[in-house]
Amino acid sequence: MGRGDLSDEEWARLEPHMPANRGRGGRWQCHRRVINGILFRQRTGLPWRDLPACSGTWKTVHDRHRRWSADGTWERILRAVQADADTEGRIDWSMVSVDSTTCRAHQHAAGASTRAPKIPGRRRSPARHRSDEALGRSRTRPDHVGGDKAYSSRRNRRHLRRRHIKHTLPEPRDQRANRQRRGSQGGRPTGFDKTIYRRRNEVERTINRFKNFRAVATRFDKRA
């Protein structure tokens, strides 16, 4: 097992949720080897064609990753693994934290064709990627939201209150001064719990984990 490959424990969690073989020919073979190849490429950021031979043919690894991204397989696997963790009590859904980040796009990421590529010898084109791919969101209505000062606006607070969602957002100094200057028309002081706010680092640590994968921190792919 190479550095960064799936451990036996990780594979035991993933294997029950992988697409099953159907029909003759065994279309889906060696899922673990392919996923290790995908992880290696995402971790190092090297071109797909330069994948080491131990990962199998680069085209098999690339095409399976692209197909599973397009048909929602990765998303279904994520939901299934989250459900298993939730059943075991390893996920705390009581609060979500929000933050933003940027990923640099390399010059190789430019110039993608607007048409789906044709498959030689076949009449149909490969599945397209969805247009809404991103880090995604875990829940649309959490019990509590934590964010830094960038999210502390009257509009955001009003939206959360309207949906009866508790929030912990520090109020910037200028907003506090403006509220106090307006007197009673400025509204009540915002509540702030330092203990709850400490959990906001969870989203920052998650983003840092994502950016340990060089293909995520710097975008090289032309397509989604």
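Residues numbered from 1 in each chain as written. Predicted model: local features only at pLDDT ≥ 70, side-chain atom pairs only at ≥ 80, totals over all residues. Heavy atoms only, no water.

This brings us to the overall build of the protein chain. Assigned secondary structure in the protein chain consists of 9 helices and 5 strands. Each helix and strand of the protein chain, ordered N terminal to C terminal, gives the series α-α-α-α-β-β-β-α-β-α-α-α-α-β. When the 224 residues of the protein chain are sorted by exposure, 26% land in the buried category. As displayed, the protein chain offers around 16200 Å² of accessible surface, 48% of which is attributable to carbon and sulfur atoms. (Helix = DSSP H or I, 4+ residues; strand = E, 2+ residues; numbered from the N terminus. Buried < 20%, exposed > 50% of the residue type's maximum accessible area, 1.4 Å probe, protein only. Areas by Shrake-Rupley, 256 points an atom, 1.4 Å probe, with all protein chains shown as cover.)

In this fold, leucine 51 is placed in the loop between α2 (31-44) and α3 (58-70). Taking the relative accessible area as the measure of exposure, leucine 51 reaches 10% and is therefore buried. The sequence separation of leucine 51 and arginine 41 amounts to 10 residues, and the corresponding C-alpha distance is 6.9 Å. The contact partners of leucine 51, leaving out residues within four places of it in the chain, are Gly37, Phe40, Arg41, Leu46, Trp58 and Val61. (Contact = heavy atoms within 4.5 Å.)

With that settled, consider a positive patch on the surface. A grouping of Arg154, Arg155, Arg158, Arg161, Arg162, Arg182 and Arg188 is seen on the molecular surface, where their side chains present a positively charged patch. Under the relative-accessibility criterion, arginine 154 is labelled exposed at 53%. (Patch = residues over 30% accessible without salt bridge, like charges linked within 9 Å, V, L, I, M, F, W, Y side chains within 5 Å. Salt bridge = Lys/Arg side-chain N within 4 Å of Asp/Glu carboxyl O. Lys, Arg positive; Asp, Glu negative; His and termini not counted. Charge placed at Lys NZ, Arg CZ, Asp CG, Glu CD.)

Leu6, Trp11, Leu14, Met18, Ile35, Trp68 and Ile77 form the largest nonpolar core, which has 7 residues in total. Of all hydrophobic cores here, the second largest spans 6 residues; its members include Ile38, Leu46, Trp48 and Val61. (Core = buried A, V, L, I, M, F, W, Y, C linked by side-chain atoms within 4.5 Å.)

In this section: the sheet that holds strand β1 (residues 96-97). Strand order across the open sheet formed by 3 strands is β1-β3-β4, with parallel pairing between neighbours. Strands at the two margins of the open sheet, each flanked by one partner only, are β1 and β4 (166-168). Summarising the sheet, strand β3 (residues 144-146) and β4 pair through 3 bridges and their orientation is parallel. Across the sheet, residue valine 145 finds its bridge partner in β4, namely histidine 167. (Pairing = 2+ DSSP bridges.)

Moving on, we get to the confidence of the model for the protein chain. Per-residue confidence for the protein chain gives a mean pLDDT of 83; residues scoring 70 or more make up 81%. The least confident element of the protein chain is helix α6 (residues 173-181), whose mean pLDDT is 81; the most confident is α2, at 94. (pLDDT = per-residue confidence, 0-100.)

The next subject is the packing of aromatic side chains. Enumeration according to the criterion identifies 2 aromatic pairs in this entry. Relative to tryptophan 74, the ring of tryptophan 68 has its centre 5.2 Å away and its plane inclined at 80 degrees; by these criteria the two rings are edge-to-face. Pairing phenylalanine 192 with tyrosine 197 gives two aromatic rings, centres 5.2 Å apart and planes at 55 degrees, and the pair type is tilted. Taking the relative accessible area as the measure of exposure, tyrosine 197 reaches 22% and is therefore partly exposed. (Phe/Tyr/Trp six-rings, centres within 6.5 Å; stacked < 30°, edge-to-face > 60°.)

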